[in-house]
Number of protein chains: 2
Amino acid sequence: MDKLLNLKTAESEKVSHSDYFRIAISVDCVIFGYDKKELKILLIKSDLAEFSDLWSLLGDLVRPNEDLETASYRILKERTGLDDVYLEQVYTFGSLNRHPSGRVITVAYYSLVDINHLHLKLTHNELHWHRLTDIKNLAFDHQLILNTCLQRIREQVMEKPVIFNLLPEKFSLRELQELYQSILGVNLDRRNFRKKISLKDWVVDLDEMESDVPHRPGKLYKAKVQLRKKQAKKRLQSQL
Amino acid sequence: MDKLLNLKTAESEKVSHSDYFRIAISVDCVIFGYDKKELKILLIKSDLAEFSDLWSLLGDLVRPNEDLETASYRILKERTGLDDVYLEQVYTFGSLNRHPSGRVITVAYYSLVDINHLHLKLTHNELHWHRLTDIKNLAFDHQLILNTCLQRIREQVMEKPVIFNLLPEKFSLRELQELYQSILGVNLDRRNFRKKISLKDWVVDLDEMESDVPHRPGKLYKAKVQLRKKQAKKRLQSQL
DNA sequence: CAGGACGGTGGCAAACAGCCAATAAAATCC
DNA sequence: GGATTTTATTGGCTGTTTGCCACCGTCCTG
(Lines give C-alpha, C1' and ligand atoms only; values in the text may rest on other atoms or scores of the structure.)
Protein backbone atom coordinates (compact mmCIF):
# COMPACT_ATOMS: atom_id res chain seq x y z
CA MET A 1 0.00 0.00 0.00
CA ASP A 2 1.23 3.46 -0.81
CA LYS A 3 0.04 6.21 1.43
CA LEU A 4 0.56 9.87 0.97
CA LEU A 5 -2.52 11.30 2.54
CA ASN A 6 -2.80 8.98 5.44
CA LEU A 7 0.12 9.70 7.66
CA LYS A 8 -1.21 8.70 11.02
CA THR A 9 1.54 6.20 11.62
CA ALA A 10 4.19 8.63 10.60
CA GLU A 11 2.92 11.49 12.69
CA SER A 12 2.76 9.40 15.82
CA GLU A 13 6.48 8.83 15.40
CA LYS A 14 7.32 12.48 14.88
CA VAL A 15 7.99 12.33 11.17
CA SER A 16 6.42 15.21 9.34
CA HIS A 17 4.91 15.03 5.90
CA SER A 18 7.69 17.04 4.31
CA ASP A 19 10.29 14.63 5.67
CA TYR A 20 9.18 12.10 3.14
CA PHE A 21 10.42 14.39 0.42
CA ARG A 22 13.94 14.56 1.74
CA ILE A 23 15.00 11.55 -0.27
CA ALA A 24 16.24 12.06 -3.80
CA ILE A 25 16.17 9.34 -6.39
CA SER A 26 18.65 8.74 -9.15
CA VAL A 27 19.37 6.20 -11.82
CA ASP A 28 22.81 4.79 -12.51
CA CYS A 29 23.64 3.01 -15.74
CA VAL A 30 26.22 0.30 -16.07
CA ILE A 31 27.02 0.67 -19.76
CA PHE A 32 28.72 -2.35 -21.22
CA GLY A 33 30.65 -2.29 -24.45
CA TYR A 34 32.91 -4.78 -26.18
CA ASP A 35 36.09 -3.95 -28.04
CA LYS A 36 39.41 -5.61 -28.73
CA LYS A 37 38.10 -8.85 -27.28
CA GLU A 38 37.46 -7.25 -23.91
CA LEU A 39 34.39 -6.23 -22.01
CA LYS A 40 34.39 -2.52 -21.25
CA ILE A 41 32.44 -0.25 -18.94
CA LEU A 42 31.78 3.41 -19.59
CA LEU A 43 32.77 5.53 -16.59
CA ILE A 44 33.06 9.20 -15.80
CA LYS A 45 35.26 11.09 -13.36
CA SER A 46 33.37 11.73 -10.17
CA ASP A 47 32.45 15.37 -9.65
CA LEU A 48 32.33 15.13 -5.88
CA ALA A 49 35.24 16.29 -3.79
CA GLU A 50 34.86 13.24 -1.55
CA PHE A 51 35.58 11.03 -4.52
CA SER A 52 38.08 13.13 -6.42
CA ASP A 53 40.06 10.99 -8.82
CA LEU A 54 37.61 8.14 -8.57
CA TRP A 55 35.53 6.96 -11.48
CA SER A 56 31.80 6.49 -11.26
CA LEU A 57 28.92 5.16 -13.27
CA LEU A 58 26.84 7.42 -15.43
CA GLY A 59 23.78 8.60 -13.60
CA ASP A 60 21.64 11.52 -12.70
CA LEU A 61 18.77 12.45 -10.48
CA VAL A 62 15.35 11.50 -11.72
CA ARG A 63 13.24 14.52 -12.59
CA PRO A 64 9.79 14.91 -11.15
CA ASN A 65 8.17 14.55 -14.54
CA GLU A 66 10.02 11.60 -15.97
CA ASP A 67 9.73 7.95 -15.16
CA LEU A 68 12.70 5.75 -14.40
CA GLU A 69 13.18 4.38 -17.88
CA THR A 70 12.93 7.82 -19.39
CA ALA A 71 15.61 9.05 -17.03
CA SER A 72 17.90 6.20 -18.04
CA TYR A 73 17.37 6.81 -21.71
CA ARG A 74 17.99 10.48 -21.20
CA ILE A 75 21.32 9.79 -19.55
CA LEU A 76 22.33 7.43 -22.29
CA LYS A 77 21.28 9.88 -24.95
CA GLU A 78 23.13 12.75 -23.31
CA ARG A 79 26.31 10.77 -22.89
CA THR A 80 26.48 8.48 -25.85
CA GLY A 81 24.13 10.03 -28.37
CA LEU A 82 22.32 6.71 -28.72
CA ASP A 83 18.66 6.31 -28.02
CA ASP A 84 17.97 2.88 -29.40
CA VAL A 85 19.81 0.79 -26.87
CA TYR A 86 19.08 -2.18 -24.74
CA LEU A 87 18.41 -1.22 -21.16
CA GLU A 88 17.24 -3.25 -18.23
CA GLN A 89 16.58 -2.48 -14.61
CA VAL A 90 18.59 -4.57 -12.20
CA TYR A 91 18.36 -3.50 -8.58
CA THR A 92 17.72 -0.52 -6.35
CA PHE A 93 20.29 0.60 -3.81
CA GLY A 94 19.16 2.62 -0.85
CA SER A 95 21.64 2.43 2.00
CA LEU A 96 21.52 5.42 4.26
CA ASN A 97 25.08 6.50 3.69
CA ARG A 98 25.67 5.54 0.13
CA HIS A 99 25.85 9.19 -0.97
CA PRO A 100 27.94 11.65 1.03
CA SER A 101 25.82 14.69 0.16
CA GLY A 102 22.51 13.36 1.40
CA ARG A 103 19.95 10.65 1.07
CA VAL A 104 19.89 9.37 -2.51
CA ILE A 105 18.33 6.12 -3.53
CA THR A 106 19.47 4.87 -6.90
CA VAL A 107 17.95 2.49 -9.39
CA ALA A 108 20.58 0.61 -11.35
CA TYR A 109 20.19 -0.26 -15.01
CA TYR A 110 22.50 -2.09 -17.29
CA SER A 111 22.87 -1.17 -20.89
CA LEU A 112 24.53 -2.88 -23.82
CA VAL A 113 25.91 -0.80 -26.65
CA ASP A 114 27.93 -1.39 -29.78
CA ILE A 115 31.08 0.43 -28.78
CA ASN A 116 32.29 0.99 -32.32
CA HIS A 117 29.04 2.32 -33.59
CA LEU A 118 28.86 5.32 -31.34
CA HIS A 119 30.96 8.44 -31.13
CA LEU A 120 31.23 9.72 -27.61
CA LYS A 121 31.46 13.36 -26.85
CA LEU A 122 34.63 12.81 -24.94
CA THR A 123 35.68 16.43 -25.19
CA HIS A 124 34.97 18.33 -22.01
CA ASN A 125 33.78 15.59 -19.70
CA GLU A 126 36.08 12.89 -18.53
CA LEU A 127 34.27 9.96 -19.98
CA HIS A 128 36.15 6.81 -20.82
CA TRP A 129 35.79 3.15 -21.50
CA HIS A 130 37.52 0.96 -18.94
CA ARG A 131 38.43 -2.65 -19.21
CA LEU A 132 36.32 -4.57 -16.72
CA THR A 133 39.44 -6.25 -15.39
CA ASP A 134 41.08 -2.90 -14.67
CA ILE A 135 38.32 -1.45 -12.55
CA LYS A 136 39.18 -1.26 -8.88
CA ASN A 137 37.89 1.59 -6.79
CA LEU A 138 34.75 3.29 -7.90
CA ALA A 139 33.02 6.21 -6.24
CA PHE A 140 29.97 5.70 -4.02
CA ASP A 141 28.79 2.09 -3.95
CA HIS A 142 29.31 1.83 -7.66
CA GLN A 143 31.53 -1.18 -7.38
CA LEU A 144 28.67 -3.06 -5.77
CA ILE A 145 26.28 -1.82 -8.44
CA LEU A 146 28.65 -2.90 -11.17
CA ASN A 147 29.08 -6.35 -9.66
CA THR A 148 25.35 -6.78 -9.33
CA CYS A 149 24.79 -5.81 -12.95
CA LEU A 150 27.57 -8.06 -14.13
CA GLN A 151 26.05 -10.95 -12.27
CA ARG A 152 22.68 -10.22 -13.86
CA ILE A 153 24.04 -10.04 -17.37
CA ARG A 154 25.86 -13.32 -16.84
CA GLU A 155 22.59 -14.92 -15.84
CA GLN A 156 20.75 -13.54 -18.82
CA VAL A 157 23.20 -13.97 -21.60
CA MET A 158 22.40 -17.64 -22.18
CA GLU A 159 18.68 -17.14 -21.64
CA LYS A 160 17.80 -14.19 -23.83
CA PRO A 161 19.33 -12.88 -27.05
CA VAL A 162 20.60 -9.67 -25.49
CA ILE A 163 24.25 -10.13 -26.26
CA PHE A 164 23.95 -8.99 -29.86
CA ASN A 165 23.55 -5.43 -28.69
CA LEU A 166 27.25 -5.46 -27.95
CA LEU A 167 28.27 -6.49 -31.43
CA PRO A 168 28.19 -4.79 -34.81
CA GLU A 169 25.38 -5.83 -37.10
CA LYS A 170 27.45 -8.48 -38.82
CA PHE A 171 29.68 -10.75 -36.86
CA SER A 172 31.35 -14.14 -37.08
CA LEU A 173 30.75 -17.00 -34.72
CA ARG A 174 34.28 -16.62 -33.48
CA GLU A 175 33.59 -13.04 -32.44
CA LEU A 176 30.39 -14.12 -30.75
CA GLN A 177 32.17 -16.86 -28.87
CA GLU A 178 34.94 -14.52 -27.76
CA LEU A 179 32.31 -12.12 -26.45
CA TYR A 180 30.60 -14.86 -24.48
CA GLN A 181 33.96 -15.81 -23.04
CA SER A 182 34.65 -12.23 -22.00
CA ILE A 183 31.34 -11.95 -20.24
CA LEU A 184 31.34 -15.32 -18.56
CA GLY A 185 35.04 -15.33 -17.83
CA VAL A 186 35.56 -18.87 -19.06
CA ASN A 187 36.72 -20.56 -22.22
CA LEU A 188 34.16 -22.44 -24.25
CA ASP A 189 34.58 -25.43 -26.48
CA ARG A 190 34.20 -24.24 -30.06
CA ARG A 191 32.12 -27.10 -31.37
CA ASN A 192 29.79 -27.18 -28.40
CA PHE A 193 29.37 -23.45 -28.61
CA ARG A 194 28.33 -23.58 -32.25
CA LYS A 195 25.92 -26.40 -31.58
CA LYS A 196 24.32 -24.51 -28.72
CA ILE A 197 23.99 -21.28 -30.67
CA SER A 198 22.44 -22.97 -33.65
CA LEU A 199 19.95 -24.72 -31.37
CA LYS A 200 18.93 -21.40 -29.87
CA ASP A 201 17.97 -20.07 -33.28
CA TRP A 202 19.15 -16.58 -32.45
CA VAL A 203 21.30 -15.89 -35.52
CA VAL A 204 20.83 -15.84 -39.28
CA ASP A 205 23.49 -16.89 -41.75
CA LEU A 206 24.11 -13.92 -44.06
CA ASP A 207 25.93 -15.92 -46.75
CA GLU A 208 28.75 -13.43 -46.52
CA MET A 209 32.31 -13.80 -45.44
CA GLU A 210 34.57 -11.79 -43.21
CA SER A 211 37.07 -9.63 -45.04
CA ASP A 212 40.23 -7.89 -43.93
CA VAL A 213 41.07 -10.61 -41.50
CA PRO A 214 44.63 -12.01 -41.52
CA HIS A 215 43.43 -15.60 -41.81
CA ARG A 216 40.79 -17.70 -43.37
CA PRO A 217 37.57 -15.65 -43.21
CA GLY A 218 34.54 -17.00 -41.41
CA LYS A 219 30.89 -16.74 -42.28
CA LEU A 220 29.03 -13.66 -41.13
CA TYR A 221 25.81 -13.79 -39.19
CA LYS A 222 23.34 -11.29 -37.85
CA ALA A 223 20.97 -11.43 -34.91
CA LYS A 224 17.59 -12.85 -35.81
CA VAL A 225 15.82 -10.68 -33.23
CA GLN A 226 17.31 -7.62 -31.67
CA LEU A 227 16.05 -6.81 -28.20
CA ARG A 228 16.06 -3.04 -28.06
CA LYS A 229 14.14 -0.17 -26.62
CA LYS A 230 10.73 -0.86 -28.11
CA GLN A 231 10.87 -4.58 -27.58
CA ALA A 232 11.90 -4.13 -23.99
CA LYS A 233 8.85 -1.99 -23.35
CA LYS A 234 6.53 -4.47 -24.96
CA ARG A 235 8.04 -7.22 -22.89
CA LEU A 236 7.35 -5.40 -19.66
CA GLN A 237 3.79 -4.61 -20.59
CA SER A 238 3.07 -8.20 -21.46
CA GLN A 239 3.63 -9.10 -17.84
CA LEU A 240 0.29 -7.57 -17.04
CA MET B 1 27.05 9.28 -11.31
CA ASP B 2 24.91 10.82 -8.63
CA LYS B 3 24.90 14.54 -8.40
CA LEU B 4 23.30 16.61 -5.76
CA LEU B 5 25.59 19.56 -5.60
CA ASN B 6 26.32 19.92 -9.24
CA LEU B 7 23.06 20.90 -10.83
CA LYS B 8 24.28 22.76 -13.88
CA THR B 9 22.39 20.52 -16.23
CA ALA B 10 19.25 20.75 -14.22
CA GLU B 11 19.32 24.50 -13.85
CA SER B 12 19.82 25.05 -17.52
CA GLU B 13 16.57 23.23 -18.08
CA LYS B 14 14.64 25.16 -15.49
CA VAL B 15 14.45 22.48 -12.85
CA SER B 16 15.20 23.83 -9.44
CA HIS B 17 17.04 21.99 -6.72
CA SER B 18 13.97 21.53 -4.60
CA ASP B 19 12.11 19.89 -7.47
CA TYR B 20 14.24 16.83 -6.99
CA PHE B 21 12.65 16.32 -3.61
CA ARG B 22 9.12 16.17 -4.91
CA ILE B 23 9.32 12.44 -5.40
CA ALA B 24 8.39 10.17 -2.55
CA ILE B 25 9.62 6.62 -2.27
CA SER B 26 7.77 3.67 -0.86
CA VAL B 27 8.20 -0.05 -0.53
CA ASP B 28 5.48 -2.57 -1.31
CA CYS B 29 5.62 -6.13 -0.07
CA VAL B 30 4.09 -9.06 -1.85
CA ILE B 31 3.65 -11.39 1.09
CA PHE B 32 3.15 -14.98 0.10
CA GLY B 33 1.67 -17.60 2.36
CA TYR B 34 0.52 -21.15 1.84
CA ASP B 35 -2.50 -22.75 3.40
CA LYS B 36 -5.03 -25.40 2.48
CA LYS B 37 -2.96 -26.35 -0.54
CA GLU B 38 -3.22 -22.90 -2.02
CA LEU B 39 -0.88 -19.99 -2.45
CA LYS B 40 -2.14 -16.90 -0.66
CA ILE B 41 -1.27 -13.22 -0.75
CA LEU B 42 -1.71 -10.85 2.14
CA LEU B 43 -3.67 -7.75 1.09
CA ILE B 44 -5.17 -4.76 2.78
CA LYS B 45 -8.11 -2.58 1.86
CA SER B 46 -6.91 0.50 0.05
CA ASP B 47 -7.23 3.68 2.08
CA LEU B 48 -7.49 5.95 -0.93
CA ALA B 49 -10.84 7.19 -2.14
CA GLU B 50 -9.79 6.59 -5.73
CA PHE B 51 -9.45 2.92 -4.98
CA SER B 52 -12.24 2.41 -2.51
CA ASP B 53 -13.15 -1.24 -2.24
CA LEU B 54 -9.98 -2.33 -3.95
CA TRP B 55 -7.32 -4.35 -2.24
CA SER B 56 -3.70 -3.38 -2.24
CA LEU B 57 -0.32 -4.69 -1.22
CA LEU B 58 1.20 -3.81 2.11
CA GLY B 59 3.49 -0.88 1.83
CA ASP B 60 4.49 2.43 3.25
CA LEU B 61 6.67 5.39 2.49
CA VAL B 62 10.34 5.02 3.24
CA ARG B 63 11.48 7.22 6.06
CA PRO B 64 14.45 9.50 5.62
CA ASN B 65 16.48 7.59 8.16
CA GLU B 66 15.81 4.01 7.17
CA ASP B 67 17.14 2.04 4.26
CA LEU B 68 14.92 0.05 1.92
CA GLU B 69 15.32 -3.28 3.65
CA THR B 70 14.66 -1.73 7.02
CA ALA B 71 11.46 -0.20 5.71
CA SER B 72 10.31 -3.56 4.37
CA TYR B 73 11.04 -5.31 7.63
CA ARG B 74 9.25 -2.58 9.51
CA ILE B 75 6.13 -3.07 7.41
CA LEU B 76 6.23 -6.80 7.88
CA LYS B 77 6.76 -6.43 11.58
CA GLU B 78 3.93 -3.94 11.94
CA ARG B 79 1.50 -6.06 10.00
CA THR B 80 2.40 -9.62 10.78
CA GLY B 81 4.43 -9.39 13.96
CA LEU B 82 7.22 -11.37 12.33
CA ASP B 83 10.70 -10.09 11.98
CA ASP B 84 12.60 -13.15 10.93
CA VAL B 85 11.23 -13.60 7.47
CA TYR B 86 12.61 -14.12 4.03
CA LEU B 87 12.50 -10.94 1.99
CA GLU B 88 13.90 -10.14 -1.40
CA GLN B 89 13.87 -7.08 -3.57
CA VAL B 90 12.35 -7.64 -6.99
CA TYR B 91 11.81 -4.51 -9.03
CA THR B 92 11.22 -0.79 -8.77
CA PHE B 93 8.16 0.81 -10.30
CA GLY B 94 8.24 4.47 -11.13
CA SER B 95 5.64 5.38 -13.73
CA LEU B 96 4.55 8.97 -13.53
CA ASN B 97 0.91 8.25 -12.82
CA ARG B 98 1.07 5.12 -10.80
CA HIS B 99 -0.09 6.92 -7.67
CA PRO B 100 -3.07 9.29 -7.85
CA SER B 101 -1.92 11.52 -5.00
CA GLY B 102 1.47 12.42 -6.38
CA ARG B 103 4.77 11.11 -7.57
CA VAL B 104 5.63 7.95 -5.68
CA ILE B 105 8.26 5.49 -6.77
CA THR B 106 7.95 2.12 -5.12
CA VAL B 107 10.43 -0.67 -4.56
CA ALA B 108 8.76 -4.07 -4.58
CA TYR B 109 9.82 -6.89 -2.29
CA TYR B 110 8.49 -10.35 -2.00
CA SER B 111 8.27 -12.12 1.29
CA LEU B 112 7.57 -15.70 2.25
CA VAL B 113 5.95 -16.47 5.58
CA ASP B 114 4.58 -19.51 7.34
CA ILE B 115 0.94 -18.57 7.35
CA ASN B 116 0.02 -20.84 10.25
CA HIS B 117 2.82 -19.69 12.45
CA LEU B 118 1.77 -16.08 12.68
CA HIS B 119 -1.19 -14.40 14.24
CA LEU B 120 -2.23 -11.34 12.34
CA LYS B 121 -3.68 -8.37 14.03
CA LEU B 122 -6.72 -8.58 11.84
CA THR B 123 -8.84 -6.53 14.19
CA HIS B 124 -9.12 -2.93 13.11
CA ASN B 125 -7.42 -2.98 9.75
CA GLU B 126 -8.88 -4.86 6.87
CA LEU B 127 -6.08 -7.26 6.32
CA HIS B 128 -6.76 -10.61 4.73
CA TRP B 129 -5.19 -13.52 2.96
CA HIS B 130 -6.45 -13.96 -0.58
CA ARG B 131 -6.14 -16.96 -2.80
CA LEU B 132 -3.83 -16.07 -5.66
CA THR B 133 -6.38 -17.37 -8.10
CA ASP B 134 -9.07 -15.07 -6.73
CA ILE B 135 -7.15 -11.84 -7.11
CA LYS B 136 -8.45 -9.66 -9.89
CA ASN B 137 -8.36 -5.90 -9.52
CA LEU B 138 -5.82 -4.43 -7.20
CA ALA B 139 -5.31 -0.77 -6.39
CA PHE B 140 -2.54 1.24 -8.06
CA ASP B 141 -0.30 -0.88 -10.27
CA HIS B 142 -0.27 -3.59 -7.65
CA GLN B 143 -1.45 -6.23 -10.05
CA LEU B 144 1.65 -5.62 -12.14
CA ILE B 145 3.82 -5.71 -9.03
CA LEU B 146 2.24 -8.95 -7.91
CA ASN B 147 2.75 -10.55 -11.31
CA THR B 148 6.36 -9.47 -11.39
CA CYS B 149 7.01 -10.91 -7.94
CA LEU B 150 5.23 -14.13 -8.80
CA GLN B 151 7.35 -14.51 -11.86
CA ARG B 152 10.47 -13.95 -9.78
CA ILE B 153 9.54 -16.47 -7.16
CA ARG B 154 8.79 -19.02 -9.86
CA GLU B 155 12.27 -18.49 -11.25
CA GLN B 156 13.91 -18.84 -7.87
CA VAL B 157 12.04 -21.68 -6.31
CA MET B 158 14.02 -24.38 -8.10
CA GLU B 159 17.31 -22.54 -7.76
CA LYS B 160 17.45 -21.58 -4.12
CA PRO B 161 15.97 -23.18 -1.00
CA VAL B 162 13.59 -20.32 -0.30
CA ILE B 163 10.38 -22.28 -0.45
CA PHE B 164 10.73 -23.69 3.05
CA ASN B 165 9.86 -20.29 4.47
CA LEU B 166 6.28 -21.01 3.43
CA LEU B 167 6.06 -24.28 5.34
CA PRO B 168 6.00 -25.21 9.00
CA GLU B 169 9.22 -26.52 10.40
CA LYS B 170 8.29 -30.14 9.81
CA PHE B 171 6.67 -31.19 6.57
CA SER B 172 6.20 -34.23 4.38
CA LEU B 173 7.41 -34.55 0.84
CA ARG B 174 3.80 -34.59 -0.30
CA GLU B 175 3.22 -31.19 1.28
CA LEU B 176 6.37 -29.87 -0.30
CA GLN B 177 5.32 -31.15 -3.69
CA GLU B 178 1.86 -29.65 -3.39
CA LEU B 179 3.44 -26.32 -2.54
CA TYR B 180 5.68 -26.46 -5.58
CA GLN B 181 2.66 -27.24 -7.67
CA SER B 182 0.75 -24.28 -6.29
CA ILE B 183 3.59 -21.93 -7.05
CA LEU B 184 4.45 -23.23 -10.47
CA GLY B 185 0.88 -23.91 -11.49
CA VAL B 186 1.65 -27.34 -12.86
CA ASN B 187 1.44 -30.91 -11.65
CA LEU B 188 4.67 -32.74 -10.97
CA ASP B 189 5.43 -36.42 -11.21
CA ARG B 190 5.83 -37.75 -7.68
CA ARG B 191 8.82 -39.97 -8.29
CA ASN B 192 10.70 -37.38 -10.34
CA PHE B 193 9.97 -34.77 -7.72
CA ARG B 194 11.40 -36.87 -4.94
CA LYS B 195 14.47 -37.68 -6.96
CA LYS B 196 15.08 -34.03 -7.73
CA ILE B 197 14.62 -32.90 -4.14
CA SER B 198 16.93 -35.52 -2.77
CA LEU B 199 19.56 -34.50 -5.33
CA LYS B 200 19.33 -30.88 -4.22
CA ASP B 201 20.20 -31.83 -0.66
CA TRP B 202 17.91 -29.19 0.79
CA VAL B 203 16.04 -31.34 3.30
CA VAL B 204 16.90 -33.54 6.25
CA ASP B 205 15.01 -36.68 7.16
CA LEU B 206 13.74 -36.26 10.71
CA ASP B 207 12.97 -39.95 11.31
CA GLU B 208 9.50 -38.94 12.36
CA MET B 209 6.14 -39.64 10.85
CA GLU B 210 3.12 -37.52 10.15
CA SER B 211 0.30 -37.99 12.58
CA ASP B 212 -3.37 -37.10 12.46
CA VAL B 213 -3.56 -37.71 8.75
CA PRO B 214 -6.44 -39.80 7.41
CA HIS B 215 -4.14 -42.10 5.50
CA ARG B 216 -0.79 -43.74 5.76
CA PRO B 217 1.55 -41.15 7.33
CA GLY B 218 4.63 -40.05 5.47
CA LYS B 219 8.07 -39.23 6.76
CA LEU B 220 8.70 -35.78 8.07
CA TYR B 221 11.55 -33.59 6.89
CA LYS B 222 12.94 -30.21 7.76
CA ALA B 223 14.87 -27.70 5.72
CA LYS B 224 18.62 -28.21 5.89
CA VAL B 225 19.30 -24.49 5.51
CA GLN B 226 16.76 -21.80 6.08
CA LEU B 227 17.31 -18.62 4.09
CA ARG B 228 16.06 -15.88 6.36
CA LYS B 229 16.83 -12.36 7.34
CA LYS B 230 20.41 -12.68 8.45
CA GLN B 231 21.42 -15.02 5.68
CA ALA B 232 19.89 -12.76 3.08
CA LYS B 233 21.99 -9.87 4.31
CA LYS B 234 25.15 -11.89 4.26
CA ARG B 235 24.39 -13.00 0.75
CA LEU B 236 24.05 -9.46 -0.50
CA GLN B 237 27.24 -8.34 1.14
CA SER B 238 29.20 -11.19 -0.36
CA GLN B 239 28.55 -9.73 -3.78
CA LEU B 240 31.09 -7.06 -2.98
C1' DC C 1 -12.12 -56.67 7.03
C1' DA C 2 -12.65 -54.25 2.78
C1' DG C 3 -11.91 -50.06 0.40
C1' DG C 4 -9.67 -45.72 -0.04
C1' DA C 5 -5.85 -42.78 0.13
C1' DC C 6 -1.41 -42.02 0.07
C1' DG C 7 3.76 -43.72 0.74
C1' DG C 8 7.51 -45.50 -1.11
C1' DT C 9 10.33 -47.24 -4.81
C1' DG C 10 13.37 -48.10 -10.20
C1' DG C 11 14.14 -48.79 -14.83
C1' DC C 12 13.85 -47.50 -19.63
C1' DA C 13 14.25 -44.13 -23.43
C1' DA C 14 15.11 -39.61 -25.23
C1' DA C 15 17.29 -35.33 -24.94
C1' DC C 16 21.21 -32.84 -23.51
C1' DA C 17 26.05 -31.64 -22.20
C1' DG C 18 30.92 -32.34 -22.19
C1' DC C 19 34.84 -33.99 -24.50
C1' DC C 20 37.74 -34.77 -28.37
C1' DA C 21 40.69 -34.30 -33.84
C1' DA C 22 41.22 -34.14 -38.72
C1' DT C 23 40.80 -31.69 -42.97
C1' DA C 24 40.14 -27.31 -45.66
C1' DA C 25 40.67 -22.48 -46.81
C1' DA C 26 42.76 -18.23 -46.80
C1' DA C 27 46.66 -15.12 -45.57
C1' DT C 28 51.50 -14.26 -44.87
C1' DC C 29 56.28 -14.93 -45.34
C1' DC C 30 60.14 -16.20 -47.73
C1' DG D 1 54.71 -20.27 -55.70
C1' DG D 2 55.66 -23.24 -51.85
C1' DA D 3 55.77 -23.54 -46.96
C1' DT D 4 53.85 -21.99 -42.84
C1' DT D 5 50.40 -20.05 -39.96
C1' DT D 6 45.94 -19.20 -38.56
C1' DT D 7 41.38 -20.11 -38.27
C1' DA D 8 36.86 -22.48 -40.22
C1' DT D 9 34.16 -26.20 -40.37
C1' DT D 10 32.20 -30.47 -39.05
C1' DG D 11 30.30 -35.39 -35.84
C1' DG D 12 30.44 -39.12 -32.87
C1' DC D 13 31.03 -41.10 -28.35
C1' DT D 14 29.89 -41.00 -23.48
C1' DG D 15 28.02 -39.87 -19.25
C1' DT D 16 24.18 -37.20 -17.20
C1' DT D 17 19.83 -35.50 -16.75
C1' DT D 18 14.85 -35.49 -17.67
C1' DG D 19 10.47 -37.39 -18.59
C1' DC D 20 7.54 -41.06 -18.34
C1' DC D 21 5.50 -45.02 -16.37
C1' DA D 22 3.08 -49.03 -12.27
C1' DC D 23 3.06 -51.87 -8.37
C1' DC D 24 2.78 -53.19 -3.70
C1' DG D 25 2.58 -51.71 1.21
C1' DT D 26 0.53 -49.32 5.12
C1' DC D 27 -2.44 -46.79 7.72
C1' DC D 28 -7.11 -45.07 8.42
C1' DT D 29 -12.09 -45.30 8.13
C1' DG D 30 -16.41 -47.15 8.11
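Here the structure is shown first, and the text comes after it.
A few points on the structure. (Residues numbered from 1 in each chain as written. Chains lettered and ligands numbered in written order. Predicted model: local features only at pLDDT ≥ 70, side-chain atom pairs only at ≥ 80, totals over all residues. Heavy atoms only, no water.)

### Concerning the overall build of chain A
Item 1. Along its length, chain A carries six helices and 10 strands.
Item 2. Considering chain A as a whole, with its 240 residues, one finds that 54% of them fall into the buried category.
Item 3. Taking all contacts inside chain A whose residues are at least 6 apart in sequence as the whole, residues at least 24 apart take part in 65%.
Item 4. Summing over all exposed atoms, chain A offers an accessible surface of approximately 11700 Å²; the carbon and sulfur share of this is 49%. (Helix = DSSP H or I, 4+ residues; strand = E, 2+ residues; numbered from the N terminus. Buried < 20%, exposed > 50% of the residue type's maximum accessible area, 1.4 Å probe, protein only. Contact = heavy atoms within 4.5 Å. Areas by Shrake-Rupley, 256 points an atom, 1.4 Å probe, with all protein chains shown as cover.)

### Topic: the packing of helix H4 (residues 173-184) of chain B against helix H5 (residues 190-200) of chain B
All names here are of chain B.
Item 1. Where H4 meets H5, the axes come as close as 11 Å, and the angle between the chain directions of the two elements is 100°. Relative to H5, H4 is oriented roughly perpendicular. From H4, Leu 173, Leu 176, Gln 177 and Tyr 180 reach across to H5, where they touch Arg 190, Phe 193, Arg 194 and Ile 197.
Item 2. Among the residues making up the contact of H4 with H5, the classes are represented as five nonpolar, one polar and two charged. (Axes fitted to C-alpha atoms, helices over the stretch in contact; angles between N-to-C directions. Parallel < 35°, antiparallel > 145°, perpendicular 65-115°, else oblique. Nonpolar A, V, L, I, M, F, W, Y, C, P; charged D, E, K, R; others polar.)

### A look at the protein's contact with DNA strand C
Item 1. Around DNA strand C sit 20 residues in total, of which Asn 192 and Arg 216 of chain A together with Arg 190, Arg 194 and Lys 195 of chain B are the nearest.
Item 2. Counting only the atoms of DNA strand C within 4 Å of the protein, the fraction contributed by sugar and phosphate is 41%.
Item 3. Arg 191 of chain A is positioned with one of its side-chain polar atoms (N or O) 3.2 Å from a base nitrogen of DNA strand C.
Item 4. Between DNA strand C and Lys 195 of chain A, the relevant distance is 3.3 Å, taken from a base nitrogen to a side-chain nitrogen or oxygen of the residue. (Near = heavy atom within 4 Å. Polar contact = N/O pair within 3.5 Å; in protein donor to acceptor, adjacent residues only side chain to side chain.)

### Comments concerning the sheet that holds strand S8 (residues 171-172) of chain A
All names here are of chain A.
Item 1. What the three strands build is an open sheet, ordered S8-S10-S9; its pairing is antiparallel. Edge strands, defined here as strands with exactly one partner in the open sheet, are S8 and strand S9 (203-209).
Item 2. Judged from the two bridges that link them, S8 and strand S10 (residues 219-223) form a sheet pairing that is antiparallel. Across the sheet, residue Phe 171 finds its bridge partner in S10, namely Tyr 221. (Pairing = 2+ DSSP bridges.)

### Side note on the pattern of salt bridges
Residues and elements named next belong to chain A.
Item 1. Taken as a whole and assessed by the stated rule, the structure comprises 30 salt bridges over all chains.
Item 2. Between Glu 66 and Arg 74 there is a salt bridge, with the nearest N and O atoms lying 2.6 Å from each other.
Item 3. A relative accessible area of 6% places Glu 66 in the buried class.
Item 4. Residue Arg 74 is classed as buried on the basis of its relative accessible area of 12%.
Item 5. The network of salt bridges with common partners includes Lys 37, Arg 174, Glu 178 and Glu 210. (Salt bridge = Lys/Arg side-chain N within 4 Å of Asp/Glu carboxyl O.)

### What to know about the nonpolar core
Item 1. Membership of the largest hydrophobic core comes to 44 residues, with the highest contact counts inside it found for Ile 25 and Val 27 of chain A together with Ile 25 and Val 27 of chain B.
Item 2. Counting only elements with at least two residues in this core, the list comes to strand S1 (24-35), strand S2 (38-45), helix H2 (68-80) and strand S6 (104-112) of chain A together with strand S1 (24-35), strand S2 (38-45), helix H2 (68-80) and strand S6 (104-112) of chain B.
Item 3. Once you skip the residues sitting within four places of it in the chain, Val 27 of chain B turns out to touch Leu 58, Gly 59, Asp 60, Val 62, Leu 68, Ala 71, Ser 72, Ile 75, Thr 106, Val 107 and Tyr 109 of chain B. (Core = buried A, V, L, I, M, F, W, Y, C linked by side-chain atoms within 4.5 Å.)

### Considerations on the packing of aromatic side chains
Item 1. Scanning the entire structure with this criterion turns up 14 aromatic pairs over all chains.
Item 2. Measuring from ring centre to ring centre gives 5.5 Å for Phe 164 of chain A and Phe 171 of chain A, while their planes differ by 20°; the resulting arrangement is stacked. No difference in accessibility class separates Phe 164 of chain A from Phe 171 of chain A, as the two residues are buried.
Item 3. On the basis of an interplanar angle of 65° and a centroid distance of 5.5 Å, the ring pair of Tyr 180 of chain B and Phe 193 of chain B is categorised as edge-to-face. In this pair, Tyr 180 of chain B is assigned in helix H4 and Phe 193 of chain B in helix H5, connecting sequence segments 13 residues apart. Side by side, Tyr 180 of chain B and Phe 193 of chain B carry an identical accessibility label, which is buried.
Item 4. Clustering of aromatic rings is evident, with ring pairs tying together Phe 32, Tyr 86 and Tyr 110 of chain A. (Phe/Tyr/Trp six-rings, centres within 6.5 Å; stacked < 30°, edge-to-face > 60°.)

Limitation: the analysis is restricted to geometry and does not speak to function.
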